[in-house]
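# Topology and contacts: notes
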Amino acid sequence: MPMYADGVTGSGRAMPVGLFAALDRLCPGRARRSVSLAGISRWKVGGPADVLVEPQSAEEISGVLQLCRSAEVPLLVVGDTSNLLFADEGFRGVMMQIGRRMADVSIAGTTVTAQAGVWMPYLAATVGRAGLSGIEHTAGIPGTLGGLVMMNGGSQRRGIGEHVSRVWTIDERGEAAILGQADCRFAYRRSAMQDRFVVITAAELVLERGDARAIRRTIIDIMASRRRKFPLKLPNCGSVFLSDPAMYATVGPPGHAIEQAGLKGLRAGQAQISPLHANFIVNLGGATARDILTLIGIARSTVFDRTGFWLNCEVRHVGPDGTLRPAHEMAPTERAGQPS
């Protein structure tokens, strides 16, 4: 059975009889059929998933992995979905969501150990109240720790990996391992964990002592800045395009390049390049994945024509078989004013 580095396992076969019952026994009351992905998507986009299961322990995660592997059913692991664009056709397999049911946090001195499902704004505020500094930049990121560690996510061109000392993982066979920081090979929006199938269950962070009041002021300033700059009232996935250092040095960040191309406010169906920040695509109500991909294609082609740089997506597209690809790989090549 093929194992994909992007978090999907399986052969794409139909759901075997008895698999749902086994998942429901393993995670009582936390396995559901025919779940609308638009209902859990930050973009409010996507068709139905065959099954959604919410584990509440590493042991349950291991069990789900083993069941899906044995049944040869596609398995997709998600957190808060803030970096995902689900296909309009939905997902034919088992989606395992690691969220609020796995969100414990413990603090010992300057060391913080947290489960993968903890919401980043909550974690940043919690450690800040304890007088620990280093992850203030994550305070406005609407995602979970597991997803952030996997992508070495962050803001202000920083990454959570700076402060990660250990990561608890489970592989496709359901076997647990602990990775040190060197094993993770953190780079800009990258980690070694993206190169093979692995589920993050928890992480250990080593932070610095700081003044709790000063940390709180920093977090308040970050949140106020986000409210001014970003379209937080409409469904979106955050930044759509990655910042390329070479492009940044000569053209500027992606949002600036898209704005200079005159694309702010451009619509395709019910999706729109935000008039507030051009590196955001918002759902005006009823947008489809196709609408969003159309705008991604227009932005890429138009910016390339003007600058010679291709914009690459931070967001990942989830296909009906669970295959993840950078969203720009699924976008049509378009020019402004020519949406499909």
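Residues numbered from 1 in each chain as written. Predicted model: local features only at pLDDT ≥ 70, side-chain atom pairs only at ≥ 80, totals over all residues. Heavy atoms only, no water.

### Notes on the overall build of the chain
Helices and strands together make up the secondary structure of the chain, namely nine helices and 18 strands. In terms of overall dimensions, the chain is globule-like: its C-alpha atoms have a radius of gyration of 20 Å, near the 20 Å expected for 340 residues. Projected onto the principal axes, the alpha-carbon positions of the chain cover approximately 55 × 55 × 30 Å. Looking at the chain residue by residue over its 340 residues, the buried ones come to 53%. If you sum the accessible surface of the chain, you get close to 14400 Å²; carbon and sulfur atoms cover 50% of it. Distance from the positive charge centre (37 side chains) to the negative charge centre (30 side chains) of the chain: 6 Å. (Helix = DSSP H or I, 4+ residues; strand = E, 2+ residues; numbered from the N terminus. Rg over C-alpha atoms; globule rule 2.2 N^0.38 Å. Buried < 20%, exposed > 50% of the residue type's maximum accessible area, 1.4 Å probe, protein only. Areas by Shrake-Rupley, 256 points an atom, 1.4 Å probe, with all protein chains shown as cover. Lys, Arg positive; Asp, Glu negative; His and termini not counted. Charge placed at Lys NZ, Arg CZ, Asp CG, Glu CD.)

### Overview of the packing of aromatic side chains
Scanning all chains against the criterion turns up two aromatic pairs. Centroid distance F230 to F280: 4.8 Å. Interplanar angle 20°. Geometry classified as stacked. Here the residue F230 occupies a position in the loop between α6 (212–229) and α7 (245–250), and F280 occupies one in the loop between β15 (271–273) and β16 (281–283), the gap between them amounting to 50 residues. Classification of F280 as buried rests on a relative accessible area of 2%. Considering the side-chain rings of F304 and W310, the 4.2 Å spacing of their centres and the 10° angle between planes classify their relative orientation as stacked. By relative accessible area, which is 29% here, F304 ends up partly exposed. The ring of F20 has R33 lying over it, and the distance from NZ or CZ to the ring centre is 3.9 Å. (Phe/Tyr/Trp six-rings, centres within 6.5 Å; stacked < 30°, edge-to-face > 60°. Lys NZ or Arg CZ within 6 Å of the ring centre and 35° of its normal.)

### Focus: the layout of surface pockets
Each pocket or cavity is described by its volume, and for the second largest pocket that value is around 270 Å³. It is α6 that contributes the most residues to the lining of the second largest pocket, three residues altogether. Of the residues assigned to the lining of the second largest pocket, the class counts are 10 nonpolar, three polar and three charged. (1 Å grid on protein atoms, 1.4 Å probe; cavity = no way out; pocket = protein on both sides within 12 Å on 5 of 7 lines; lining within 4 Å. Points joined across faces, edges and corners; volume = space filled by probe spheres on them. Nonpolar A, V, L, I, M, F, W, Y, C, P; charged D, E, K, R; others polar.)

### Details of the side chain of T201
Note on placement: T201 falls in strand β12 (residues 198–206). The residues touching T201, leaving out its near neighbours within four places in the chain, are A58, I61, M102, Q115, A116, W168, T169 and I170. (Contact = heavy atoms within 4.5 Å.)

### Focus on the environment of S82
Following the sequence through the fold, S82 ends up in the loop between β4 (75–78) and β5 (84–86). Leave out the neighbours within four places in its chain, and S82 touches R42, P142, G143 and C237. A distance of 3.2 Å separates the side chain of S82 from the backbone oxygen of P142, its partner in a polar contact. (Polar contact = N/O pair within 3.5 Å; in protein donor to acceptor, adjacent residues only side chain to side chain.)

### Notes on the sheet that holds β16
Here three strands make up an open sheet; going across it, the order is β14-β15-β16 and the pairing antiparallel. A strand with exactly one partner marks an edge of an open sheet, and here the two such strands are β14 (267–268) and β16. Lying over the sheet, helix α9 (residues 289–307) contacts β14, β15 and β16, oriented at roughly 25° with respect to β15. (Pairing = 2+ DSSP bridges. Axes fitted to C-alpha atoms, helices over the stretch in contact; angles between N-to-C directions.)

### Some remarks on helix α2 (residues 58–71)
Taking 1.5 Å per residue, 14 residues should reach 20 Å; α2 reaches 20 Å between its end C-alpha atoms and fits that length. Those residues of α2 lying buried are E60, I61, S62, G63, V64, L65 and C68. On its buried side, α2 packs onto α1 (19–26), β3 (48–53), β4, β6 (91–97), β10 (164–171) and β12. (Expected span 1.5 Å × (residues − 1).)

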